[in-house]
Every structure is written in C-alpha cells, then in structure tokens.
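Here are the chains, one letter per residue:
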Amino acid sequence: MPLVTKTISEVREQVAAARRAGRTIGLVPTMGALHEGHLSLMRRAREECGLVVVSIFVNPTQFVAGEDLERYPRDLPGDLRRCDEVGVDVVFAPEAEEMYPPGDSTWVEVTGTLVEGMCAPHRPGHFRGVTTVCARLFNIVGPDRAYFGEKDYQQLKIIERMAADLKFPLAIVPIPTVREPDGLAMSSRNVYLSSEERKAAAALHRGLRAGEEAFAQGERNAAEIVRAARRVIEAEPGVRLQYLELRDAETLEAVERVARPAVLALAAFVGRARLIDNVVIGGADRQCRG
Ligand code: AMP
C-alpha cells in the first residue's frame, strides 16, 4: 500500500528522503474517484519516476457557486486500492484547511487568450482555483515531472503557461485521453449519468469525430468543421451543448481557417452532468480511441 498522508510536512519528508536517495519525483494531481484515465497518468509516472506522489484533493476553489462540490464523487478506499495496483509510493490527501488555512489570501492566475474562451467564461474563477492549487502542490511536492490529461485540454495549456511563467523547475507531461469503448471520455462525473444518459453521452465523441472527418476530407473552414460536429451532437436529444469551439491548439485563440493544429473542444450537459471533451485536429493524433 502507498503511504497515505494528510499533511504537507509528511509529504515533504518523503520527497526529501527520495531526493537524498537520488530518485526523481513524479506528481499526479487528482480530485480522486480514480478511473482508468487517472491510472494512465499514474502508470506513466511510475515508468518515468523514482517516487510517485498522487494527490487526491477535491479542490473547493475550482468549483463555481452552484456547481457539484458537495456531491462530487469521493471514494478514498477505492482510490487507495487503485494507487496500490499501480505502485504509487505516496498519496497526499489533505483536508481543505491544510491547503487553505485561515488567513490564506494568495491566488495564482493566468491571463490572456488561454482564458478567453472554452470553459473559462462558463466557469468564472475555475481556472484561477486550478492554477492556485497546482502552484501550491508544485511547491509542496517539488516534482521533476507533473502529469496532466489532455481530456482537460484548456487546463493543461493553462498549467503549462503557469509553470513556465513562474519558473517552476519541472516538466509538464501531457497524457492522451482514455475513452470508454464507445468513445466517451472517462470522467469521475460519468457516475452522474443514468443508463439512458450514458448512451446519449456517446454522441459527444461521435460529433468530435465528425469534425475530425470533415477536416480529413479537406475542409479547412472552422465554421464548417464546427457545423459538422454540431449536426451529429444536436441529433441526440439527450445532450445540451454549452459550447463547441475550434481554437488554436497552443494559444487557444479562435481560428477561422485551420492552418496549424487546432483543438475542437466542447462542454455539454447530459442530465445533470456537465461533461467536456476535445480532439486535436491537424496535428499528430495522440488521442487514444478504444
Ligand atoms: P480530475 O481528478 O478530474 O481533476 O483529473 C485529474 C487528472 O486526470 C487531470 O490531469 C485530468 O486531465 C486527468 N484525466 C481525467 N480524465 C482523464 C481521461 N479520461 N484520460 C486522461 N486523463 C484524464
């Protein structure tokens, strides 16, 4: 079993001992309710690092008022079993007061084009919560490598920016999206879906594939690619799109024509679950399908 701790001081002790032994440190930040998507990050960290630290923390500052903070799925015993299977060394599962003690008043926020579109306008303050908690985790653990999923594409780009701008001496390692056999991106929030909603949710990835296909057929006009995806998704009455956008894969600026890699990204409500997904088009296809 991994060593499980709620305290910053104990994580630091473990990391310091590993450093003295010459081991590299890998960090996988999560909110728990671990599934195969998380496990692929953890396995990659296990392959590449001497000490693997997984954080499990449902970070309150990244939930916007009215979102699912209270009912977000939590399963620490199951999570620890999964961490054990992968050979994780340390699980850091702090209480909110450990991360945000009374009097705490510092935020870390990325500005500019990365936070102009996609999820940002729909979840005001969300990415500020993400960057704030990740900056703290980076300072607590001091990893050489930190692992993030491409499923949360905007988050990945924002964390890359934050780590570069704040000169964190670490590599951000992106990991392809792990999907269910029908293409649905794995997510802790998929447990919110009834069996009927679960079927409807497969339309999200079908739509993204239709956009990809339009590009493969030679379409370069962004509005047409988005339309091809939208047509497929809107044919599924159980899905309510929040946004569907094609943006530059690095800057996340809106694009009119695809001349460089671009990300076709969406958020949608299926029942009470808000799900996100994306595919990168016009670049090396690293999305995993299966
Ligand atoms: P979360 O617990 O949802 O905050 O996710 C923790 C990390 O796992 C983030 O870096 C996510 O992008 C990543 N992740 C979540 N779902 C998947 C997935 N289906 N495939 C790959 N990575 C994922």
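Only a predicted model underlies this, so the values are computations on that prediction, with no experimental measurement involved.

## Re the domain arrangement of the protein
Reasoning step 1: For the protein, the assigned domains are domain 1 (3–175) and domain 2 (188–281).
Reasoning step 2: Here domain 1 and domain 2 have C-alpha centroids that lie 26 Å from each other.
Reasoning step 3: In this complex, domain 1 contributes 22 residues to the contact, which on the side of domain 2 involves 20 residues.
Reasoning step 4: Here domain 1 and domain 2 share an interface that buries about 1,900 Å² over both sides, 52% of which is from carbon and sulfur atoms.
Reasoning step 5: The largest contributions to the domain 1 side of the interface with domain 2 come from Arg71, Met118 and Tyr153, which together make up 33% of the buried area.
Reasoning step 6: In this assembly, domain 1 and domain 2 are joined by 2 salt bridges.

## So, the pattern of salt bridges
Reasoning step 1: Applying the stated criterion across every chain, the model contains 21 salt bridges.
Reasoning step 2: Of the charged contacts in the structure, one is a salt bridge between Asp75 and Arg82, with a shortest N-O distance of 3.9 Å.
Reasoning step 3: Among the residues examined, Asp75 registers a relative accessible area of 33% and is labelled partly exposed.
Reasoning step 4: Note that Lys157 is salt-bridged to Glu160, the shortest N-O span being 3.1 Å. Here Glu160 and Lys157 lie together in helix α6 (residues 153–165), a separation of 3 residues that amounts to about one turn.
Reasoning step 5: Residues joined in a network through salt bridges with shared partners are Arg44, Glu48 and Arg145.

## Regarding the packing of aromatic side chains
Reasoning step 1: Throughout the structure, instances matching the rule amount to 4 aromatic pairs.
Reasoning step 2: When the ring of Phe57 is compared with that of Tyr100, the centres are 6.2 Å apart and the planes differ by 35°; the resulting orientation is tilted. Linking Phe57 in the loop between β3 (51–56) and α3 (76–86) with Tyr100 in the loop between α4 (96–99) and α5 (126–141), this pair joins segments that are 43 residues apart in sequence.
Reasoning step 3: Here the aromatic rings of Phe138 and Phe148 are separated by 6.3 Å at their centres, their planes lie at 80°, and the arrangement is edge-to-face. One end of the pair, Phe138, is in helix α5; the other, Phe148, is in strand β5 (residues 145–149), with 10 residues separating them in the sequence. Per residue, the accessibility class of Phe138 equals that of Phe148, and both read buried.
Reasoning step 4: Through a chain of ring-to-ring contacts, three or more aromatic side chains come together here, namely Phe138, Phe148 and Phe168.
Reasoning step 5: The lysine or arginine in question, Arg128, covers the ring of Trp107, its NZ or CZ lying 3.6 Å from the ring centre.
Reasoning step 6: The ring of Phe215 has Arg220 sitting right over it, with the charged end atom 3.8 Å from the ring centre.

## Some details on the site of the ligand
Reasoning step 1: Near the ligand lie 17 residues; those nearest to it are Met31, His38, Asp152, Val178 and Met186.
Reasoning step 2: Between an oxygen atom of the ligand and a side-chain N or O atom of Asp152, the distance comes to 2.6 Å.
Reasoning step 3: Here a nitrogen atom of the ligand and a backbone polar atom of Val178 are 2.9 Å apart.
Reasoning step 4: Within the complex, the protein chains bury 94% of what would otherwise be the 480 Å² of accessible surface of the ligand.
Reasoning step 5: Top contributing element to the shell around the ligand by residue count: helix α2 (residues 36–48), with 3 residues.

The rules behind each value
- Along each chain, numbering runs from 1 in the same order as the chain's sequence is written.
- Local features are withheld for residues below a pLDDT of 70 in this predicted model, meaning they are given only at 70 or higher, and side-chain atom pairs are given and counted only at 80 or more; totals for whole chains, interfaces and linings count all residues.
- Computation of side-chain values covers all heavy atoms of the structure but excludes hydrogens and water.
- Each domain's extent was defined by an automatic or database domain assignment.
- Here a residue-residue contact requires only that any non-hydrogen atoms of the pair lie within 4.5 Å.
- Here the quantity called buried area is the accessible surface, traced with a 1.4 Å probe, that two parts lose on coming together, added over both.
- Between Lys or Arg on one side and Asp or Glu on the other, a salt bridge is scored when a side-chain nitrogen of the former is within 4 Å of a carboxyl oxygen of the latter.
- Only protein chains enter the accessibility calculation, which uses a 1.4 Å probe; a residue whose area is less than 20% of its type maximum is buried, one above 50% is exposed, and one in between is partly exposed.
- Numbering goes from the N terminus for both helices and strands, where a helix is a DSSP run of H or I of at least four residues and a strand is a run of E of at least two.
- Geometry of aromatic contacts follows a simple scheme: Phe, Tyr and Trp rings, the Trp one being its six-membered ring, pair when their centres are within 6.5 Å, and the pair is stacked under 30 degrees between planes, edge-to-face over 60, tilted otherwise.
- In this scheme, Lys NZ or Arg CZ marks a charge over a ring once it lies within 6 Å of the ring centre and within 35 degrees of the ring normal.
- Throughout, near means a residue has at least one heavy atom within 4 Å of the molecule or strand.
- We define a polar contact as two N or O atoms separated by no more than 3.5 Å, with the added condition that, inside protein, one atom must be a possible hydrogen donor and the other a possible acceptor, whereas residues neighbouring each other in sequence contribute only through side-chain atom pairs.
- For every accessible area listed, the method is Shrake-Rupley and the probe measures 1.4 Å; residues are considered covered only by the protein chains on display.

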